[in-house]
There are 2 protein chains.
Amino acid sequence: MGKHTVTSFDDELGHIDRLIRDMGDLAASMVTASIQALVSSDAALGQRVISDDAVMDARQRELDDRAITLIAKRQPMAQDLRAVVGAIRMAGDLERIGDLAKNIAKRVSAVGQSSTPRNLAHSIETMSAMVLDQLNAVVDKYVARESDAMQDLRAADEKIDVKYTAVFRELLTYMMEDPRNITACTHLLFCAKNLERIGDHVTNIAENAYYVMTGQQLPPNRPKLDETSLASPAA
Amino acid sequence: MGKHTVTSFDDELGHIDRLIRDMGDLAASMVTASIQALVSSDAALGQRVISDDAVMDARQRELDDRAITLIAKRQPMAQDLRAVVGAIRMAGDLERIGDLAKNIAKRVSAVGQSSTPRNLAHSIETMSAMVLDQLNAVVDKYVARESDAMQDLRAADEKIDVKYTAVFRELLTYMMEDPRNITACTHLLFCAKNLERIGDHVTNIAENAYYVMTGQQLPPNRPKLDETSLASPAA
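With an unreviewed UniProt entry as reference, chain A is termed Phosphate-specific transport system accessory protein PhoU, source organism Pseudaminobacter soli. UniProt's Function (unreviewed entry) comment on chain A is quoted here verbatim: "Plays a role in the regulation of phosphate uptake."

Have a look at this one:
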């Protein structure tokens, strides 16, 4: 059809898809390990997440270089161009997810000095499991080019926001009960916030993936709010 | 020299530079207004920052579209390609700075319900002024193509990190003194963290700008650490 050999462009795009898949798998394993390190005070596991972040950065650079070379070489139009630019953006979101997991991992030692209440650890693990389901699904559905799934994935992010608000309130009550909890709880607050932000990046990926596949924007269905900025805590 | 008309490519790059300048100015005004809204409990000013974020997003899309069209149309090589890709990355960092200012603005009402200690407001304003100096300088020096300034700008980010650690500790003491401060202080903690992250984005811009101008990476001079994740608070 166009100026380029179609199969070869598709091959290169397939390679970029595989890099997205790799980055998605790495992001998910970093999130899993960071939360496990956090709740079990496993400093060595936390360190592994921190060093994985360099691998993530390298993969993003590789994807960016390939994608930009592809644009410069092939001058793709319309859907092809959308796919390549979309991949660059998705890689940016996946790299940010890795950063956020690294930030959780860095807090392992600060939190580990105190004892996290068991209920709280459970809440954070639940939140993490929700985020991981979303992350794995968005990469799967993108690689399988299932555009219909994207709207549901974006809508499901609201559950993570609700959970975050609950964790935020729970953390405030622990701080109010006993000032000795305050330091650890502020670090856990940042960890919970990071999970909530990972959810937002998954939403970005879903929106981008939908646009790549359909050329349309997902209709805006809800304002993105961090509800804790409006709510008072449950006292 | 190349395939493209040199002046015209430079014109288009000049246009992209002006968009970077616009985004930088908007980012700086959003940060200024968000902190002013926070310390003076000015909900209307906070709302203005929140709506400015849509303007920022639109400018980023405009820059991205122009830059990608330029790559596809001109197939720039080496330094030209670096400049266009660098601009896309810098725009991404500026957009994130706008997001962080918006997040501060969203917390105005939650913090405003309590009275922020005057000392604390002063600390946050000082931190904000440091961040703004860095932000304005990095855009100025990039547009003026002063590569030598970039290493100093990156090094100066360390002062912001030190200030953030001080604010973090100060906030913890207010929380420990009086549990009624906890809710407001957790929001202020996120605001301070957002300022620290804005500093990190300025560092990214400095690194990118240096690479655009020289084709070299700035030598890695320090590990990026959020020191609060290691330190116990001043009790």
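Caption draft 1: Representation of the side chain of His201(A) in the model. All names here are of chain A. For histidine 201, the location among the structural elements is in helix H7 (residues 182-214). Accessibility expressed as a relative area gives 6% for histidine 201, which makes it buried. Ignoring any residue separated from it by four or fewer positions in sequence, one finds histidine 201 in contact with Asp93, Arg96, Ile97 and Leu100.

Caption draft 2: Spatial organisation of the nonpolar core. Grouped together as the largest cluster of nonpolar side chains are 150 residues, with contacts concentrated most on Ile97(A), Met150(A), Leu195(A), Ile97(B), Met150(B) and Leu195(B). If sequence neighbours within four positions are ignored, Met150(A) has contacts with Val138(A), Lys141(A), Tyr142(A), Ala206(A), Ala209(A), Tyr210(A), Met213(A) and Leu218(A).

Caption draft 3: Just the packing of aromatic side chains, in detail. All names here are of chain A. Taken as a whole and judged by the stated rule, the model has three aromatic pairs over all chains. Look at tyrosine 164 and phenylalanine 168: their rings are 6.2 Å apart centre to centre, the planes differ by 55 degrees, and that puts the pair in the tilted class. Of this pair, tyrosine 164 and phenylalanine 168 both sit in helix H6 (residues 148-177), four residues apart, which is roughly one turn of the helix. Take tyrosine 164 and phenylalanine 168: they sit in the same class, and that class is buried.

Caption draft 4: Local environment of helix H3 (residues 78-106) of chain B. The terminal C-alpha atoms of H3(B), which comprises 29 residues, lie 42 Å apart, in line with the 42 Å expected from a rise of 1.5 Å per residue. Within H3(B), 22 of the 29 residues are buried, which leaves it mostly tucked inside the rest of the structure.

Caption draft 5: Molecular detail of the pattern of salt bridges. Residues and elements named next belong to chain A. The full count for this structure, using the stated rule, is 24 salt bridges over all chains. Ionic pairing is found between lysine 73 and glutamate 12, a salt bridge with its closest N-O pair at 3.6 Å. With lysine 73 in helix H2 (residues 43-74) and glutamate 12 in helix H1 (residues 6-39), this residue pair connects regions lying 61 residues apart in the sequence. Residue glutamate 12 is classed as buried on the basis of its relative accessible area, which comes to 18%. In this structure, the salt-bridge partner of glutamate 146 is lysine 141, at a minimum N-O distance of 3.4 Å. Look at the salt bridges and you will find they share partners, linking Glu12, Lys73 and Arg74 into a network.

Caption draft 6: Summary view of the packing of helix H5 (residues 118-143) of chain A against H7(A). All names here are of chain A. In the contact formed by H5 and H7, the axes pass within 10 Å of each other and the chain directions differ by 15 degrees. Classed by the angle they form, the pair H5 and H7 counts as roughly parallel. The way H5 lies across H7 gives a crossing that is left-handed. Every residue of H7 that contacts H5 at Leu120, Ile124, Met127, Ser128, Val131, Gln134, Leu135, Val138, Lys141 and Tyr142 is listed here: Leu188, Ala192, Leu195, Glu196, Ile198, Gly199, Val202, Ile205, Ala206, Ala209, Val212 and Met213. Residue classes in the contact of H5 with H7 are distributed as 17 nonpolar, three polar and two charged.

Caption draft 7: The arrangement of the environment of Val85(B) in detail. Considering the arrangement of structural elements, one finds Val85(B) in helix H3. Using a relative accessible area of 9% as the deciding quantity, one classes Val85(B) as buried. For the pair formed by Val85(B) and Val212(B), sequence separation is 127 residues and the distance between their alpha carbons is 8.6 Å. Apart from the residues lying within four places of it in its own chain, the contact partners of Val85(B) are Ile68(A) and Ile71(B).

Rules behind the numbers
- Residues numbered from 1 in each chain as written.
- Chains lettered and ligands numbered in written order.
- Predicted model: local features only at pLDDT ≥ 70, side-chain atom pairs only at ≥ 80, totals over all residues.
- Heavy atoms only, no water.
- UniProt positions renumbered as here; feature names shortened; annotations may be inferred.
- Helix = DSSP H or I, 4+ residues; strand = E, 2+ residues; numbered from the N terminus.
- Buried < 20%, exposed > 50% of the residue type's maximum accessible area, 1.4 Å probe, protein only.
- Contact = heavy atoms within 4.5 Å.
- Core = buried A, V, L, I, M, F, W, Y, C linked by side-chain atoms within 4.5 Å.
- Phe/Tyr/Trp six-rings, centres within 6.5 Å; stacked < 30°, edge-to-face > 60°.
- Expected span 1.5 Å × (residues − 1).
- Salt bridge = Lys/Arg side-chain N within 4 Å of Asp/Glu carboxyl O.
- Axes fitted to C-alpha atoms, helices over the stretch in contact; angles between N-to-C directions.
- Parallel < 35°, antiparallel > 145°, perpendicular 65-115°, else oblique.
- Left-handed = near helix turned anticlockwise from the far one by under 90°.
- Nonpolar A, V, L, I, M, F, W, Y, C, P; charged D, E, K, R; others polar.

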